[in-house]
Amino acid sequence: MLQKIYRSIFWIGYLAILITAFIPIKGSFNRITLGPESFQIRLDHLLHFAAYFLICIYYLAGQKKDLSLFAANPLTKFILLVLFLAITTELVQLWVPERAFNVFDLVSNVGGVIVGVGVVKTVQRYNGATA
């Protein structure tokens, strides 16, 4: 039962993130700036990083409770699935009206996944786990 809840929460969250990429957002929240100011770390970049990092921590929490999202190769499938989400949610914004692709958001997404997976692998190594 707990396994089913764990998987359901993951997939609901996954779909929610994917769906939000298709929702048009008007206003200055979605503005892209070019120039020196574009290289500053903005709050939304930190939020992108944190969101994908926390997805990895959710995976880790499940592992600590002996829960798994997939029967075979769970970490590999998780990494591929979350990287797909991280990249797709930004790329799709090239075609969504009122949305704009932002390379720094993409870097923040992927960075959150990389750091999160690093934490997962470090904890697994420390605990002697392989998957």
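Residues numbered from 1 in each chain as written. Predicted model: local features only at pLDDT ≥ 70, side-chain atom pairs only at ≥ 80, totals over all residues. Heavy atoms only, no water.

Draft legend 1. Expanded view of the nonpolar core. Of all hydrophobic cores here, the largest spans 20 residues; its most connected members are Phe10, Tyr52, Tyr59, Leu69 and Phe78. Taken together, the elements giving at least two residues each to this core come down to α1 (2-20), α2 (43-64), α3 (74-91) and α4 (103-127). At six residues, the largest contribution of residues to this core is made by α3. Those residues within four positions of Leu69 in sequence are excluded, and the remaining contacts are Tyr6, Arg7, Phe10, Tyr59 and Phe78. (Core = buried A, V, L, I, M, F, W, Y, C linked by side-chain atoms within 4.5 Å. Buried < 20%, exposed > 50% of the residue type's maximum accessible area, 1.4 Å probe, protein only. Helix = DSSP H or I, 4+ residues; strand = E, 2+ residues; numbered from the N terminus. Contact = heavy atoms within 4.5 Å.)

Draft legend 2. Spotlight on the environment of Leu15. Position of Leu15 relative to the elements: it lies in helix α1. When the C-alpha positions of Leu15 and Leu85 are compared, they lie 9.3 Å apart, and in sequence the two are 70 residues distant.

Draft legend 3. Fine view of α3. Here α3 spans 26 Å end to end across 18 residues, near enough to the 26 Å set by a 1.5 Å rise per residue. For α3, every residue scored as buried is listed here: Pro74, Leu75, Phe78, Leu81, Val82, Leu85, Ala86, Thr88, Thr89 and Glu90. Along its buried surface, α3 packs onto α1, α2 and α4. (Expected span 1.5 Å × (residues − 1).)

Draft legend 4. Focus on the confidence of the model for the chain. For the chain, the mean per-residue pLDDT works out to 85, and 85% of the residues sit at or above 70. Averaged over each element, pLDDT in the chain is lowest for α2 (91) and highest for α3 (94). (pLDDT = per-residue confidence, 0-100.)

Draft legend 5. Representation of the side chain of Gln93 within the structure. If you trace the backbone, Gln93 turns up in the loop between α3 and α4. Separated by 2.8 Å, the side chain of Gln93 and the backbone oxygen of Thr89 make a polar contact. Residues in contact with Gln93, not counting those within four places in the same chain, are Ala21, Arg99, Ala100 and Phe101. (Polar contact = N/O pair within 3.5 Å; in protein donor to acceptor, adjacent residues only side chain to side chain.)

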